[in-house]
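Below are the chains, spelled out letter by letter.
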Amino acid sequence: MLKTYTIPITNHQIKDLFNLWIDNGFESERNIDINKNLLLGLENNVNSIKLYVFESNSFIQSSAIILSNNQNPSISALGEVCTSIKSRGNGYASKLCKKIVEDYFSIDKNEVIFLGTVNPVAKKIYESLGWESISNSDVMFNSKSQKSFESFLSEYYASTLEKKISNGNSNFRLSIIPFVLSLRSTHQIDLNSNINLINISSGCLSLYNKFDFIDEKKGKWFCIANNENNIFSVASFLKDESNNFRLDGLFNTLWHKESLKLMKYIIGQLKNETPKSIYVEIYEKDEYKFKLFVELGFIVKESYKKEIEGKELVFNKLNL
């Protein structure tokens, strides 16, 4: 039977979901984008999460989750689509995703859904339900008005609302997705968040977790965004035991002024920490980031190779 649940759900249900996910494709808990705290309702005041399942005698046969932001519900993301091996062949995942699309698009303000997948069979199913593949990525896009992803981006970033600097937080869990996708194929590598835009990525709901992990590593990340949570620049710092601070971020050439403003703010914050050094490591082909930090007063100190996802790449270290 197809059932829907609005988060929070019970600890018993969470245990059953994680058993389904880990036993049928996700391999380990760290590969799951929706953590247990989210399922317990930790972000209910910020993000709305709905769980769709096929369930029989309290056994979860198939699942899918959709997440949207309370402040700006126009974009959402689909995740944790999974069917038990012994329940496959019944079209459960397809039916869940179809139901999610129908329910989400039935509300006026809701506009687009993102999802990430590297499974070619799953991609065909999603295409039949209205999703299109976003070029140079393994992320898919579904628009209620059937607009292309590029058209959506153009409208999404046409906002004239005031832009402000904010500490990174769960309000940006969804808006980080279109921002990162706007930068695909730009040769950017953010070492602090471990986002590599050289390679094609299936990152969708997992993107926020990469920035959230910066907080766990005793760093901080920041956004410059408008009141609808549209992100125009994101940057962060990590501190080592000797009080050296590494800066990094993701920057769009269209919003150079915003990127400068954000970095100047962060540097101002760090100077109050009496740092031993403030530096950045920039991939040699990332010409824009290099020019940005030179404009901020950084000077090249050395070049060296770093292994990134199995490849040796040349980085320039610049110090302030």
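Residues numbered from 1 in each chain as written. Predicted model: local features only at pLDDT ≥ 70, side-chain atom pairs only at ≥ 80, totals over all residues. Heavy atoms only, no water.

Visitor: How should the pattern of salt bridges be read in this particular structure?
Guide: One side chain can pair with another of opposite charge once the charged atoms of both are near each other. Under the definition given, this model contains 11 salt bridges. One salt bridge in this structure joins glutamate 281 and lysine 306, with 3.4 Å as the shortest N-O distance. A residue pair is termed long-range when its members are at least 10 positions apart, and glutamate 281 in strand β14 (residues 277–283) and lysine 306 in strand β15 (residues 299–308) qualify at 25 residues. Overall, glutamate 281 belongs to the buried group, its relative accessible area being 6%. The network of salt bridges with common partners includes Arg246, Glu281 and Lys306. (Salt bridge = Lys/Arg side-chain N within 4 Å of Asp/Glu carboxyl O. Helix = DSSP H or I, 4+ residues; strand = E, 2+ residues; numbered from the N terminus. Buried < 20%, exposed > 50% of the residue type's maximum accessible area, 1.4 Å probe, protein only.)

Visitor: What should I look at first to understand the pairing of strand β16 (residues 311–319) in this one?
Guide: Both faces of the sheet carry side chains from a regular strand, because those side chains alternate between them. Sheet topology note: the β14/β16 ladder contains five bridges and is antiparallel. Residue pairing across strands places tyrosine 283 opposite phenylalanine 315, the latter belonging to β16. Note that β15 and β16 share nine bridges and pair antiparallel. Within β16, the residue paired with isoleucine 308 across the bridge is lysine 311. Between β15 and β16, which follow one another and run antiparallel, lie two residues, and glutamate 309 among them has a positive phi close to 50 degrees. (Pairing = 2+ DSSP bridges.)

Visitor: How do you make sense of the sheet that holds strand β11 (residues 220–225) when you look at a structure like this?
Guide: Strands in a sheet are paired, the pairing made by backbone hydrogen bonds, and the direction either parallel or antiparallel. Strand order in the open sheet formed by seven strands is β8-β11-β12-β13-β14-β16-β15, with mixed pairing between adjacent strands. Each edge of the sheet is formed by a strand with only one pairing partner; in this case those strands are β8 (164–167) and β15. Each strand of the sheet is rotated relative to its neighbour by a mean of 25 degrees, with strand direction disregarded. Each of β8, β11, β12 (231–239), β13 (244–251) and β14 is contacted by helix α8 (residues 256–271), which is oriented at about 25 degrees to β12, the strand it contacts most. Sitting on the sheet, helix α9 (residues 287–295) is in contact with β13, β14, β15 and β16, with an inclination near 130 degrees to β13. (Axes fitted to C-alpha atoms, helices over the stretch in contact; angles between N-to-C directions. Contact = heavy atoms within 4.5 Å.)

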